[in-house]
Amino acid sequence: MTQLSFPRQHARTQRFTLGAPRSFTVAPDGGRVVFLRSRAGDDPSHLLWVLDLGASQGSGEDAGAGGEFAAADPAVLLGGGEEELSAAERARRERSREGSAGVVGYAVDDAVSVAAFALSGRLFTAGLLPGAPGARELAVPGPVVDPRPSPDGRWVAYASGGALRVVAADGGEDRALAEPDGEQVFWGLAEFIAAEEMSRSRGFWWAPDSSAVLAARVDESPVGRWWIADPAHPNRPPAEVAYPAAGTDNADVTLALLGLDGSRVDVEWDRARHPYLAAVHWSAAGAPILLVQARDQREQLYLTVDTGTGATRLLHAEEDRIWLDLFPGVPARTPAGTLVRIADEGGARVLVVGDRALTGPELHVRAVLDAGAEDVLVWASAGAAAAEPEIGELHVYRVGEGGAERVSSGPGVHSATRSGAVTVLTSAVPGGPERTFRVLRDGEQVAEIASYAETPSLTARPVLTEAGEDRIPAAVLLPTGYREGDGPLPVLLDPYGGPHGQRVVAAHNAHAVSQWFADHGFAVVVADGRGTPGRSPAWEKAMVNKLIEVSLNDQIAALHALAESFPLDLGRVAIRGWSFGGTLAAAAVLRRPDVFHAGVAGAPLTDQRLYDTHYTERYLGHPDEQPEVYDANSVVTLDGVTELAEPARPLMIVHGLADDNVLVANSLRLSTALLAAGRPHEVLPLSGITHMTPQEQVAENLLLLQVDFLKRSLGMKPSA
């Protein structure tokens, strides 16, 4: 069999994620672990699996295999037919950057005895206990989105056609709990801003006693409309998109408690002052908690809800003169009902339980994974006061009254899912492509879940280091077989460089594409400057009002500092990036041609006024109040390119015409402005492609075209 090229393998395996287990749920009795996994490293269709820990013994490569069974197989349930996705489901997958197929998400009851999931717009449930009946379809109005069983497992609530409905888990009674009362109204789903920027993918939450559902009502009528056409198919009408661009109106989001008995209680808070519903938590430990934000994100409130009246009461308030971040897993409650949150205090990002911070500046807390009776499980990186920088490492810690204890070990990127005494610990390491998925009980391994992910056809060799006075985290990759004395190499900066995007991580596969570029004769530099996550609140908030300036300056500082230790030819420097990285690449070539000699800008945001409210206003304020800030942080405005230095450098612009996140208008405006300025450039439009590029041939050829362009632009020998 002919071996695939690395670009084709990388595309076909969806960055080597297919075949690896994911989306773990641990049963509270410690008897089962539920997860998703496809059958092979090039199979995009995920099955729902159960690991029965009672039937699983030992450790090592085959541990747990005897206790696994497939609770749901999409090929069987669909009779071998193709999936058909509704517009709402396609939007959900785009927001979560989900490119696979089959069972891509599921929800369970409290006992983890039954799961519900949508497949091809149809509703299915599956028993999760050994010997339970197989998956079955419930006949309900479709297309179905985000079905979730009630805590007692007797009901399944789901969104369909703008309504929030509930059906008996035995397939009996089905009825609407709420129906849309306007053309632009829908219930039970997250609006664009929540899903894209707040990481809130849900729109409803079951009451712990299964008697009611707390549901979001979204009215998109205030939101401006944009239209996305497919020029390759002029016979098709453009798609209408409700897009809340910076400075414009957001969707109107409210909450109501919908009883299974037909009752409705509207939840009240000061939505004029705090319009963003950032998170909802509801467990048996207490009343529902809402996290709501002001539009400028400098104030947020934790509110509890009186389920009888809908009134809210202040539990805790936070303020920040720059902005307040949102974090996975919070707010939460301990089993005793104490509020758990992550906060920026004393220059550090800390875990707070009740009124007490349980961590200090040694840790930079990133997420809460589980709030237990004795401790809280968190995900964290080394803080500003850590004894060692631990570049790119992410670890799991148990945090209690006595301090923090590390659960994971060894350099790498580790995460976990826990319930009671059982933890699933996921680990990726820098020294090789293998990822492990170990099941621990009271800290001791009792099983290992097999991964069928493919091994990359190359070995990445990143050197993780820090650059310059600001100790910018960086990874440097040289060609395989490069020897000292071979001379300096043309340089390719390969950053994301902006908020929420950490690229310098202590894991092999994250650097595989950079190594492929390096093996084409480049010294590849990946640098995480200020604004990227992982070090301290001040580091992340340094970009306020100056997104491009800070990011670009830090890339240049890292480049020059690393040139003192690595064979970098500063006379031949290129840069490539996607999304924020694409913006950075375009700005680098146009503003600093003294440093950068070529660039590839993929899906760049070139005009900040063309991006959404929650993200853009956090960093740049309101465009009506600070128009000059928007101009300075845009590569192009309606008046043309904002900064255009000499000499002209080669620039390739790549953009998907179906992108509903960073619209292709950004690249078209840049191309038009460059043409007006007499600047040569190349534009690669991708018909039918969104902000993701999951299509195998497209993803492969994008890499090949980029490396050829960069070699040509820097005067290197073309690829064989």
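Above this note sits the structure.
Residues numbered from 1 in each chain as written. Predicted model: local features only at pLDDT ≥ 70, side-chain atom pairs only at ≥ 80, totals over all residues. Heavy atoms only, no water.

Describing the overall build of the protein
A count of helices and strands for the protein gives twelve helices and 46 strands. Scaling as 2.2 N^0.38, a compact globule of 720 residues should have a C-alpha radius of gyration of about 27 Å, and the protein matches this with 25 Å. For the protein, buried positions account for 57% of its 720 residues. Within the protein, counting contacts between residues at least 6 apart in sequence, those at least 24 apart form 60% of the total. A total of about 28,300 Å² of accessible surface is found on the protein, and carbon and sulfur atoms cover 49% of it. Each charge class in the protein can be summarised by its mean position, and for the 61 positive and 93 negative side chains these summaries are 2 Å apart. (Helix = DSSP H or I, 4+ residues; strand = E, 2+ residues; numbered from the N terminus. Rg over C-alpha atoms; globule rule 2.2 N^0.38 Å. Buried < 20%, exposed > 50% of the residue type's maximum accessible area, 1.4 Å probe, protein only. Contact = heavy atoms within 4.5 Å. Areas by Shrake-Rupley, 256 points an atom, 1.4 Å probe, with all protein chains shown as cover. Lys, Arg positive; Asp, Glu negative; His and termini not counted. Charge placed at Lys NZ, Arg CZ, Asp CG, Glu CD.)

Side note on the pairing of strand β36 (residues 444–448)
Here strand β35 (residues 435–441) runs beside β36; their pairing, made up of four bridges, is antiparallel. Looking at β36, one finds that Leu440 is bridged to Gln445. Taking the residues that link successive antiparallel strands as the turn, the β35-β36 hairpin has two residues, and the phi of Asp442 there is positive, at about 55°. (Pairing = 2+ DSSP bridges.)

Side note on helix α7 (residues 547–562)
In this model α7 runs 23 Å from its N-terminal to its C-terminal C-alpha over 16 residues, within 8% of the 22 Å that 1.5 Å per residue would give. For α7, a buried count of twelve out of 16 residues is recorded, marking the element as mostly surrounded by other parts of the structure. Of the residues making up α7, those classed as buried are Leu547, Ile548, Val550, Ser551, Leu552, Asp554, Gln555, Ile556, Ala558, Leu559, Ala561 and Leu562. (Expected span 1.5 Å × (residues − 1).)

Examining the sheet that holds strand β23 (residues 299–305)
Read from one edge of the open sheet, four strands run β21-β22-β23-β24, paired in antiparallel fashion. Where the open sheet ends on each side, the last strands, each with one partner, are β21 (276–281) and β24 (312–319). For this sheet, the mean angle separating the axes of adjacent strands, direction not counted, is 20°. Inspection of the sheet shows β21 paired to strand β22 (residues 289–293) by five bridges, in the antiparallel sense. Residue Leu277 lies in a different strand from β22, and its bridge partner there is Val292. (Axes fitted to C-alpha atoms, helices over the stretch in contact; angles between N-to-C directions.)

Observations regarding the packing of aromatic side chains
Taken as a whole and assessed by the stated rule, the structure comprises eleven aromatic pairs. Both rings, one in Phe192 and one in Tyr243, keep their centres 5.2 Å apart while their planes meet at 55°; by these two values the pair is tilted. Here Tyr243 lies in the loop between β18 (239–242) and β19 (252–259) and Phe192 lies in helix α4 (residues 192–197), a separation of 51 residues in the sequence. Tyr243 sits in the buried class, given a relative accessible area of 1%. Taken together, a centroid distance of 4.7 Å and an interplanar angle of 80° make the contact between Trp323 and Tyr619 edge-to-face. On the criterion of sequence distance, the pair formed by Trp323 in the loop between β24 and β25 (332–333) and Tyr619 in helix α9 (residues 613–620) is long-range, its members being 296 residues apart. (Phe/Tyr/Trp six-rings, centres within 6.5 Å; stacked < 30°, edge-to-face > 60°.)

With respect to the pattern of salt bridges
Under the defined criterion, the tally for this structure stands at 51 salt bridges. For Arg97, the salt bridge identified is with Glu196, shortest N-O distance 2.6 Å. On the criterion of sequence distance, the pair formed by Arg97 in the loop between α3 (87–95) and β5 (101–102) and Glu196 in helix α4 is long-range, its members being 99 residues apart. By relative accessible area, which is 12% here, Glu196 ends up buried. We note a salt bridge from Asp146 to Arg148, for which the minimum N-O separation is 3.2 Å. (Salt bridge = Lys/Arg side-chain N within 4 Å of Asp/Glu carboxyl O.)

Looking at helix α8 (residues 580–591)
The terminal C-alpha atoms of α8 lie 16 Å apart, and with twelve residues this matches the ideal 16 Å at 1.5 Å per residue to within 8%. Extensive coverage of α8 is indicated by the burial of twelve of its twelve residues. Within α8, the full set of buried residues consists of Phe580, Gly581, Gly582, Thr583, Leu584, Ala585, Ala586, Ala587, Ala588, Val589, Leu590 and Arg591.

Structural notes on the sheet that holds strand β27 (residues 348–353)
Strand order across the open sheet formed by four strands is β25-β26-β27-β28, with antiparallel pairing between neighbours. Since the sheet does not close on itself, it has two edges, and those belong to β25 and β28 (356–357), each with one partner. Bridge count between β25 and strand β26 (residues 339–345): two bridges; the pairing is antiparallel. Following the sheet pairing, Ala332 is matched in β26 by Val340.

Quick notes on the packing of α7 against α8
Contact geometry of α7 with α8 gives a least axis separation of 10 Å together with a crossing angle of 75°. Viewed along their axes, α7 and α8 adopt a mutual orientation that is roughly perpendicular. Residue-level contacts link Leu547, Ile548, Ser551, Leu552 and Gln555 of α7 to Phe580, Thr583, Leu584, Ala587, Ala588 and Arg591 of α8. (Parallel < 35°, antiparallel > 145°, perpendicular 65-115°, else oblique.)

A few points about the nonpolar core
Grouped together as the largest cluster of nonpolar side chains are 40 residues, with contacts concentrated most on Leu493, Leu562, Leu568, Ile575, Phe596 and Leu670. Contributing elements (two or more residues each) for this core: β38 (472–477), β39 (489–493), β40 (523–527), α7, β41 (568–578), α8, β45 (651–656) and α11 (665–676). Excluding anything up to four places from it in sequence, Phe596 contacts Leu493, Leu552, Ile556, Val573, Ile575, Ala588 and Arg649. (Core = buried A, V, L, I, M, F, W, Y, C linked by side-chain atoms within 4.5 Å.)

Notes on the pairing of strand β10 (residues 145–149)
With five of five residues buried, β10 is to be regarded as a mostly interior element. Across three bridges, β10 lies against strand β11 (residues 155–160) in antiparallel orientation. Following the sheet pairing, Pro149 is matched in β11 by Val156.

Observations concerning the side chain of Ser100
Its place among the elements puts Ser100 in the loop between α3 and β5. Separated by 2.3 Å, the side chains of Ser100 and Glu98 make a polar contact. Setting aside residues no more than four positions away along its own chain, Ser100 makes contact with Gln14, Leu18, Arg22, Pro44, His46 and Arg93. (Polar contact = N/O pair within 3.5 Å; in protein donor to acceptor, adjacent residues only side chain to side chain.)

Describing unusual backbone geometry
Following Gly142, the chain continues into Pro143 via a peptide bond in cis, with omega recorded as 0°. Looking at where Pro143 falls in the secondary structure, it is placed in the loop between β9 (136–138) and β10. With omega at 0°, the peptide bond leading from Glu646 into Pro647 counts as cis. Tracing the backbone through its elements, the reader meets Pro647 in the loop between β44 (640–641) and β45. The phi angle at Gln14 is positive, at roughly 50°, despite the residue not being glycine. With respect to the element layout, Gln14 can be found in the loop between α1 (6–12) and β1 (22–26). Of note, Ser120 is a non-glycine position whose phi angle comes to about 55°, a positive value. By the element assignment, Ser120 lies in the loop between β7 (114–119) and β8 (122–127).

Considering the environment of Ala242
Along the chain, the position of Ala242 falls in strand β18. Take Ala242: its relative accessible area is 14%, and that puts it in the buried class. Each residue touching Ala242, except ones within four places of it in the same chain, is listed here: Glu220, Val223, Gly224 and Arg225.

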